[in-house]
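Each chain, written out:
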Amino acid sequence: MVKVVDQVTEPKRKRFNKNKKKAWRKKADITEVEERLEEQRREERYGGPLEERKDSEMMFVDLGDGEGEASQADQENEAEFTLEYTVDEVPGSAGEVKLKPRKVKLKTPKLKSHQFINGLPGAKPPHKPRKKQGTLTVAMKKKKELQSKDPKQIKKRKEAVKQMLGDLQRKTKRPKSVISSKYTTDLWEEGADEVTQECKKKGLEESFIGSISDYYRRQRRMKPIKVPKIRHVPTSKLDPVSIPHAGASYNPSHQSHQKLLLRAVKQEEKRLKKIRKIEKATIKMFPTIDKAPTAKSWLTEMSEGLPKAYEEEEETEEPAEDCEEQENEENLDQQQNGEQNEETLPLQQNGEQVSNDSVTVSSKPITERKTKKVRRKEKRQKLQKLKKLKEKEDRIRSSNIYKLKTYQKEIASEEMEEQKRSASRRAHKEQLKFMPRRLANMKFEEEEIPVNLGDELADSLRTVVPAVELLEERFKNMQRRNLLEPRLKHKLKRKYKPKVVLKRGHREELAKMEKMEFSD
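Residues numbered from 1 in each chain as written. Predicted model: local features only at pLDDT ≥ 70, side-chain atom pairs only at ≥ 80, totals over all residues. Heavy atoms only, no water.

Brief notes about the overall build of the protein
Next, step 1: Each helix and strand counted, the protein has 17 helices and two strands in total.
Next, step 2: Put simply, 51% of the contacts in the protein that link residues at least 6 apart link residues at least 24 apart.
Next, step 3: Carbon and sulfur atoms make up 54% of the accessible area of the protein, which totals about 53100 Å². (Helix = DSSP H or I, 4+ residues; strand = E, 2+ residues; numbered from the N terminus. Contact = heavy atoms within 4.5 Å. Areas by Shrake-Rupley, 256 points an atom, 1.4 Å probe, with all protein chains shown as cover.)

Comments concerning unusual backbone geometry
Next, step 1: Even without a glycine there, the phi angle at Asn482 is positive, about 65°.
Next, step 2: Topologically, Asn482 is positioned in the loop between helix H16 (470-480) and helix H17 (504-519).
Next, step 3: Since its relative accessible area comes to 8%, Asn482 is described here as buried. (Buried < 20%, exposed > 50% of the residue type's maximum accessible area, 1.4 Å probe, protein only.)

As for the pattern of salt bridges
Next, step 1: Scanning all chains against the criterion turns up 13 salt bridges.
Next, step 2: Among the salt bridges present, the one from Glu38 reaches Arg41, with a minimum N-O distance of 3.0 Å. Here Arg41 and Glu38 lie together in helix H2 (residues 31-45), a separation of three residues that amounts to about one turn.
Next, step 3: Take Glu38: its relative accessible area is 40%, and that puts it in the partly exposed class. (Salt bridge = Lys/Arg side-chain N within 4 Å of Asp/Glu carboxyl O.)

Structural notes on H2
Next, step 1: Here H2 spans 21 Å end to end across 15 residues, near enough to the 21 Å set by a 1.5 Å rise per residue.
Next, step 2: Looking one or two places after H2, you find Gly47, whose phi comes out positive at around 100°. (Expected span 1.5 Å × (residues − 1).)

Observations concerning the packing of helix H8 (residues 194-202) against helix H9 (residues 206-220)
Next, step 1: At their nearest, the axes of H8 and H9 sit 9 Å apart, and the two run at 150° to each other. The angle between H8 and H9 falls in the class roughly antiparallel. In this structure, H8 crosses over H9, and the sense of that crossing is right-handed. Two secondary-structure elements touch here, H8 through Glu194, Val195, Thr196, Cys199 and Lys200 and H9 through Ile209, Ile212, Ser213 and Tyr216.
Next, step 2: Partitioned by chemical class, the residues of the contact of H8 with H9 number five nonpolar, two polar and two charged. (Axes fitted to C-alpha atoms, helices over the stretch in contact; angles between N-to-C directions. Parallel < 35°, antiparallel > 145°, perpendicular 65-115°, else oblique. Left-handed = near helix turned anticlockwise from the far one by under 90°. Nonpolar A, V, L, I, M, F, W, Y, C, P; charged D, E, K, R; others polar.)

Let's talk about the side chain of Gln479
Next, step 1: Of note, Gln479 is situated in helix H16.
Next, step 2: Look past the residues within four positions of Gln479 in its chain and what remains in contact with it is Pro436, Phe444, Leu484, Glu485, Pro486 and Arg487.

What about a nonpolar patch on the surface?
Next, step 1: On the surface, a nonpolar cluster with roughly 580 Å² of combined accessible area is contributed by Ile401, Tyr402, Leu404, Tyr407 and Ile411.
Next, step 2: Its place among the elements puts Ile401 in the loop between helix H14 (372-399) and helix H15 (404-432).
Next, step 3: For Ile401, a relative accessible area of 54% gives the class exposed. (Patch = residues over 30% accessible without salt bridge, like charges linked within 9 Å, V, L, I, M, F, W, Y side chains within 5 Å.)

Considering the nonpolar core
Next, step 1: In terms of nonpolar packing, the biggest core is built from five residues, these being Val195, Cys199, Ile209, Tyr216 and Met222.
Next, step 2: Contributions of two or more residues to this core are made by H8 and H9. (Core = buried A, V, L, I, M, F, W, Y, C linked by side-chain atoms within 4.5 Å.)

A few points about a positive patch on the surface
Next, step 1: A cluster of basic side chains, namely Lys273, Arg276, Lys277, Lys280 and Lys284, defines a positive patch on the protein surface.
Next, step 2: With respect to the secondary-structure elements, Lys280 resides in helix H10 (residues 254-282).
Next, step 3: Look at Lys280 and you get exposed, because its relative accessible area is 61%. (Lys, Arg positive; Asp, Glu negative; His and termini not counted. Charge placed at Lys NZ, Arg CZ, Asp CG, Glu CD.)

Section: the environment of Asp214
Next, step 1: Note on placement: Asp214 falls in helix H9.
Next, step 2: Since its relative accessible area comes to 26%, Asp214 is described here as partly exposed.
Next, step 3: Sequence separation of Asp214 and Val195 is 19 residues, and the distance between their C-alpha atoms is 9.8 Å.

Points about a negative patch on the surface
Next, step 1: Taken together, Asp29, Glu32, Glu34 and Glu35 make up a surface patch of like negative charges.
Next, step 2: Checked against the element boundaries, Glu32 lands in helix H2.

Focus on the confidence of the model for the protein
Next, step 1: Residues at a pLDDT of 70 or more form 67% of the protein, whose mean pLDDT is 76.
Next, step 2: For the stretch residues 66-70, pLDDT sits under 50, and the model shows two contacts to residues farther than four places along the chain or on other chains.
Next, step 3: Contacts from residues 87-92, a stretch scored under 50 in pLDDT, to residues over four places away or in other chains number ten contacts. (pLDDT = per-residue confidence, 0-100.)

Right, dumping it as structure tokens:
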């Protein structure tokens, strides 16, 4: 059987989730809205909707071949397209063209391609046009006419214009003193500016002059940059060029030479002490091969304190009598403990003993409930105790008045100690100025003291050899004075093992040489 469908049902509309902003644009059908807007735009282009337009805008009177009077707007538009010049060809010149002004201006028709540039007559402007500068409305014209008649208004207007011009000049133009200055005065010198000199002439106090001058300089942007306080503070109080020790002379005295030798020896001892400390913590901490522990020594060390074989044999030979006596003593102790336990068992109300099974042990202590009388008594005692403590504190506080002298002595001693501590801190701070600071990860290490032994001293100036490299000494001096940080020479370390590759050409040459050797 074939069913005949005489009514076509519309397909079901797809349902979309519209709770997201994405679905608003994507799923919504806005074709009808767009068509309506397009129609509205088309009507605006043709002068607006027909319902709103007047009959005079849609219909006009035909005057024939343009013999009627043209409107003022048409005249203005036509004036824009008049040719003011004519081409004048000079007969003597070879095709030279010159323009000369036309006596009667020739009017040309307006181009049709430009008819929509100025807009249609009935269309509304897209935005309100701005008024050109100099255009006056009717109200403004009336106001101007009234002001021109009134002399007071004229005077006020002139003053307002003058003030506006003055403000404008003050903003745009710099003062003449800045433009035409010959820079004869030092701006950075204290009291060199005009304001300070003027204040001094008027006889103002110096305490006010500084603040006025400061304000003037700040406003005129003449104030110098604030230099940090530590800018001119030297990094170290050591001399730039240190005088060498008297013992380093080519012909030193015995005493000065011995002193320098002593300093060099102390420096070397300090260096060796550091090396010994490192060795003690690394090399000397572990025993050498000849003193290393063996299996036998390890066994004896581990079995220290344990019973040995011969001691065990002696213990087994002890008489059996001692064992029997010990057993008898243990039995007696057990009997005594049992009698004591029976006596301590709690008795019931009828006087019988309670069995061991019925006895229970609780961790919580058994406490009796306090009566109101006991609680009142405790409260009263507590209040009395607090009262006594308060009285005692008051008594001590009142008696402290008689200890003023002792307190004054204590305060004076504390102040003295504080002064001593501050003096020691100042001295330590001053001492640090003669020492190198920690400017990097490395510490500053003093260079070796250049010293010659008694046998190495030169006989004459000709045989003297310089003991110190001059550049190295200067570099160390700058480090000592905190101008440079202590540093080491950078060593380039390869992260990979260099691969040696033989070039192809060299390889071929070597193969040829080997063949020649084998052939020989």
